[in-house]
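# Structural overview
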Amino acid sequence: MPSLLIIVSIATLAAAAAQSGPTSNAQHPMLLLWQKGNPGNWTRPDKESSEKSADSDLLLVKNVSTPTLEIFKSKSAKPGAPTVMICPGGGYFIEAIEHEGWEIATRLNLAGIHAAVLKYRLPNRDTNKPQEMDKPLHKVVLQDTQRALRILRARAKEFGFTPDKIGILGFSAGGHAAAVTSTAAEASYPPIDDTDSQSCKPDFTVLIYPAYLNVENTMNLVDAIKVTNSTPPAFVVQAMDDPIPIEGALAYTHACHIAKVPIELHLFPKGGHGYGLRTHEPGLKTWPDLLISWLERM
């Protein structure tokens, strides 16, 4: 069961999310990624909204056009503690901002690890007009992840972060975004200010039940993900009964092994998909502790 601190923190954040537009408070500052407008003036035609899922009572964000970065600074962090930028999942349709965002950020904070939750732009993949669908789907998401990493480094001194210990964690589709970000050869947008002089590559990668990593029915990574010896160290978790094929996680692990990139893989027999911290499977419940141990050794 989560502690009272976690419950109170999540309830407070959920109330803030119900308000329109980016919000900020002293505990969790909210940063806009693109102060002068999105690259290429990209936007969705529909208004951003939040709602609870009908079947599992999860808070979901839809139609994101204005990306934000919410800062979760740990009060118990030691000097040199890592910072984890979290990308919630949702199939690039929605973002599970609560259980794949705020909850894991709070859990990391309690362990002395800084965090930030990225609410990235959602591509237009829910249109019934294929010619209007954004391709590739991760294009605007990659712009947001790279910009967010640069902001965290540019403002590291302000927040007390260590600029060379800033990594990325992604759930499901957010895991795909994290893998693409970690293997991108260059920036996905032209520089707009001094912030963009910072590196846009994470220092480490965490993939939790990642989606869309492999070519269907193969052990080959998709073209957008090219692991090299400059790819950051990685930590991967997935359940064997996940409807998302484990071949993606295995393909990424194998590619890192071939490139001599350190990687830690944890496969569990049961657990399904989309559990975040809420799984009841005895073995799978240990994944946050395994991750924290790995981060402490970074």
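Residues numbered from 1 in each chain as written. Predicted model: local features only at pLDDT ≥ 70, side-chain atom pairs only at ≥ 80, totals over all residues. Heavy atoms only, no water.

## Considerations on helix α2 (residues 98-110)
We apply this condition: In DSSP terms, a helix is any run of H or I states spanning at least four residues, a strand is any run of E spanning at least two, and both are numbered starting from the N terminus. Helix span is expected to be 1.5 Å times the residue number reduced by one. Here the term buried applies to any residue with accessible area under 20% of the maximum for its type, exposed to any over 50%, and partly exposed to those in between, with areas from a 1.4 Å probe on protein chains only.
For α2, built from 13 residues, the straight-helix expectation of 18 Å at 1.5 Å per residue is met to within 8% by its first-to-last C-alpha distance of 17 Å. The buried fraction of α2 amounts to 11 of the 13 residues, a majority that puts the element mostly inside the structure. When α2 is considered as a whole, its buried residues turn out to be E98, H99, E100, G101, W102, E103, I104, A105, T106, L108 and N109. Trailing α2 by a residue or two, G112 shows a phi angle of about 85 degrees, which is positive.

## Quick notes on the nonpolar core
To keep it simple, the criterion reads: To qualify as a nonpolar core, a set must consist of buried Ala, Val, Leu, Ile, Met, Phe, Trp, Tyr and Cys residues joined through side-chain atoms within 4.5 Å. In this description, contact between two residues means that some pair of their heavy atoms is separated by no more than 4.5 Å.
Counting 76 residues, the largest nonpolar core has L69, M85, I86, L108, Y252, W287 and L291 as its most contacted members. In terms of residues, this core owes the most to one element, helix α3 (residues 139-154), which gives 7 residues. With sequence-adjacent residues up to four places away left out, L69 is seen in contact with P29, M30, L31, L33, M85, A116, V117, L118, A148, I151 and L152.

## Examining the packing of α3 against helix α5 (residues 173-183)
For the record, the criterion: Axis geometry follows a simple rule: fit a line to the C-alpha atoms, using only the stretch in contact for helices, then measure angles between N-to-C directions, giving values from 0 to 180 degrees. Should an angle lie under 35 degrees it is considered roughly parallel, over 145 roughly antiparallel, and from 65 to 115 roughly perpendicular; all remaining angles are considered oblique. Crossings are assigned a handedness: left-handed for a near helix turned anticlockwise from the far helix by less than a right angle, right-handed for a clockwise turn. Lys, Arg, Asp and Glu make up the charged group, whereas Ala, Val, Leu, Ile, Met, Phe, Trp, Tyr, Cys and Pro make up the nonpolar group; the residues left over, Gly among them, are polar.
Interaxial distance between α3 and α5 falls to 10 Å at its minimum, and their mutual angle equals 65 degrees. Between α3 and α5, the angle falls in the class roughly perpendicular. Relative to α5, the crossing made by α3 is right-handed. For the pair α3 and α5, contact is made by V141, L142, T145, Q146 and L149 and by A177, V180 and T181, respectively. Grouping the amino acids of the contact of α3 with α5 by side-chain chemistry returns 5 nonpolar, 3 polar and no charged.

## What to know about the pairing of strand β11 (residues 263-268)
Worth spelling out the cut-off: Pairs of strands are assigned from DSSP output, requiring at least two bridges between the strands. For the handedness criterion, the strands are oriented away from the viewer, and a crossover whose path from the first strand over the helix to the second runs clockwise is classed as right-handed.
On β11, burial follows the alternation: E264, H266 and F268 on one face are buried, whereas I263, L265 and L267 on the facing-out side are not. The pairing of strand β10 (residues 234-239) with β11 spans 6 bridges and is classified as parallel. Pairing of F235 across the sheet is with E264, part of β11. Each parallel crossover has a hand, and for β10 linked through helix α6 (residues 247-258) to β11 it is right-handed.

## Focus: the sheet that holds strand β6 (residues 94-95)
The strands that make up a sheet are held in pairs by hydrogen bonds between backbone atoms, and each pair lies either parallel or antiparallel. Spatial strand order, β2-β3-β6: 3 strands in an open sheet with antiparallel pairing. If you trace the sheet from one side to the other, it starts and ends with β2 (49-52) and β6, each paired once. Direction of pairing for strand β3 (residues 59-62) relative to β6: antiparallel, over a ladder of 2 bridges. Its bridge partner lying in β6, K62 is registered against I94.

## Considerations on the pattern of salt bridges
Cut-off, in case you're wondering: Each salt bridge in this description consists of a side-chain nitrogen of Lys or Arg and a carboxyl oxygen of Asp or Glu lying within 4 Å of one another.
In this structure the tally under the stated criterion is 14 salt bridges. For E98, the salt bridge goes to K52, with nearest N and O atoms at 3.2 Å. Of this pair, E98 sits in helix α2 while K52 sits in strand β2, and the two are 46 residues apart along the sequence. Between R150 and D196 there is a salt bridge, with its nearest N and O atoms 3.4 Å apart. Of the two residues, R150 sits in helix α3 while D196 sits in the loop between α5 and β9 (205-208), which places them 46 residues apart along the sequence. Each member of the pair R150 and D196 is classed as buried.

## A closer look at the sheet that holds β10
The 8 strands lie next to each other as β1-β4-β7-β5-β8-β9-β10-β11, forming an open sheet whose pairing is mixed. Strand pairing shows two members of the sheet lacking a second neighbour, β1 (30-32) and β11, which therefore form its edges. The mean inter-strand angle of the sheet, taken between neighbouring strand axes irrespective of direction, is 20 degrees. The pairing of strand β5 (residues 83-87) with strand β8 (residues 166-171) spans 5 bridges and is classified as parallel. Across the sheet, T83 pairs through a bridge with I166, a residue of β8.

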